[in-house]
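Structural features, examined
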Amino acid sequence: MEGNLNLTLKIWRQKNAQTAGKFETYQVSGISEDMSFLEMIDVLNNRLIEEGDDPVAFDHDCREGICGMCSMYINGRPHGPNKGVTTCQLHMRSFSNGQTITIEPWRAEAFPVIKDLVVYRSAFDRIISAGGFISVNTGNAQDANSLPIPKDDADEAFAAAACIGCGACVAACKNASAMLFTSAKISQLALLPQGQAERSKRAEAMVAQMDEEGFGACSNTGACEAECPKGISIENIARMNREYFSSVFTSK
């Protein structure tokens, strides 16, 4: 897939969290506008391997905008210049010939660098483990029609459940806050009847784990919502705060 884009890439290279990193500059040529951003990096890596150099480490899996693993900070924005897409959905037609593209990993204390553009996001897993679950009986699944749920609640729960845990909200926030992610995971369960068993403690436990991981506080700038590739609403943060204070005050 040959093209006519010739680009300068400034890429953050770092061996691990304990090693100081720096930007390295690479030239790539003949890039097709139809390539995805990750395919463009594949082209660079193939060349680096052929030259005997260490390829750029980056995280990816589905390449369909579902898994959230392709987290990169591109020209000062999480996932790049386009709204509502992940890095793997970003195509090179969004850039112009001769452009310089700066590529960095997520910058957050709770997301230590593994190598180059790859960060360790297990902090999100621990937040979910703290309370992002429901108690259900084992055996056959209950007939969905026997669980009446108001459409507005179902729609809001579905919208919150669209969060893919990529961490763009953390990367976009000047405080490296994880409140949009945490609130989405709380909301999708708090709005449904299946999530009521743990509701009194869920928010309290998940917020406590979020704080323990070292994420910053929310200052309501809305950058997280603006950069979220799935359009998760900051209304979920307000819901999480209500759930949290309800739990704190009723458990005393």
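In the annotation of an unreviewed UniProt entry, the entry for the protein chain reads Succinate dehydrogenase/fumarate reductase iron-sulfur subunit, and the organism field reads Aquirufa aurantiipilula. The UniProt entry for the protein chain carries the following comment under Sequence similarities (unreviewed entry): "Belongs to the succinate dehydrogenase/fumarate reductase iron-sulfur protein family."

**Observations regarding the pairing of strand β1 (residues 2–13)**
With nine bridges connecting them, β1 and strand β2 (residues 22–31) associate as antiparallel partners. Each bridged residue has a counterpart across the sheet, and for arginine 13 the counterpart in β2 is lysine 22. When β1 meets strand β5 (residues 100–104), the two strands line up parallel, connected through four bridges. When the bridges of β5 are listed, isoleucine 11 appears paired with isoleucine 103.

**Some details on unusual backbone geometry**
Even without being a glycine, arginine 63 presents a positive backbone phi close to 55°. Topologically, arginine 63 is positioned in the loop between α1 (37–50) and β3 (73–74).

**Side note on the packing of aromatic side chains**
Scanning all chains against the criterion turns up nine aromatic pairs. Aromatic pair tyrosine 244 and phenylalanine 245: ring centres 5.4 Å apart, planes at 80°, arrangement edge-to-face. Classification of tyrosine 244 as partly exposed rests on a relative accessible area of 27%. Judged by relative accessible area, phenylalanine 245 falls into the partly exposed class, the value being 44%. Aromatic pair phenylalanine 245 and phenylalanine 249: ring centres 6.1 Å apart, planes at 20°, arrangement stacked. Highlighted residues: phenylalanine 245 and phenylalanine 249, both in helix α8 (residues 235–250), separated by four residues, approximately one helical turn. Overall, phenylalanine 249 belongs to the exposed group, its relative accessible area being 62%. Within the aromatic cluster, the residues linked to one another by ring pairs are Phe111, Phe124, Phe181 and Phe215. Above the ring of phenylalanine 23, the side-chain terminus of lysine 10 is found at 5.8 Å from the ring centroid. Its guanidinium or amino end placed over the ring of tryptophan 12, arginine 107 lies 4.3 Å from that ring's centre, counting from NZ or CZ.

**Quick notes on α8**
Between its terminal C-alpha atoms α8 stretches 23 Å, which fits the 22 Å expected from 16 residues at 1.5 Å a residue. Of all the positions in α8, only Asn236, Ile237, Arg239, Met240, Glu243, Ser247 and Val248 are classed as buried. Down the axis of α8, the buried set is contained in an arc of 165°. They therefore lie on one face. Opposite its buried face, α8 presents the exposed residues Glu235, Arg242, Phe249 and Thr250, each directed more than 90 degrees away. Tucked inside the fold, the buried residues of α8 contact α3 (151–161), α5 (179–190) and α6 (199–212).

What counts as what
Residues numbered from 1 in each chain as written. Predicted model: local features only at pLDDT ≥ 70, side-chain atom pairs only at ≥ 80, totals over all residues. Heavy atoms only, no water. UniProt positions renumbered as here; feature names shortened; annotations may be inferred. Pairing = 2+ DSSP bridges. Helix = DSSP H or I, 4+ residues; strand = E, 2+ residues; numbered from the N terminus. Phe/Tyr/Trp six-rings, centres within 6.5 Å; stacked < 30°, edge-to-face > 60°. Buried < 20%, exposed > 50% of the residue type's maximum accessible area, 1.4 Å probe, protein only. Lys NZ or Arg CZ within 6 Å of the ring centre and 35° of its normal. Expected span 1.5 Å × (residues − 1). Arc of directions from axis to C-beta. Contact = heavy atoms within 4.5 Å.

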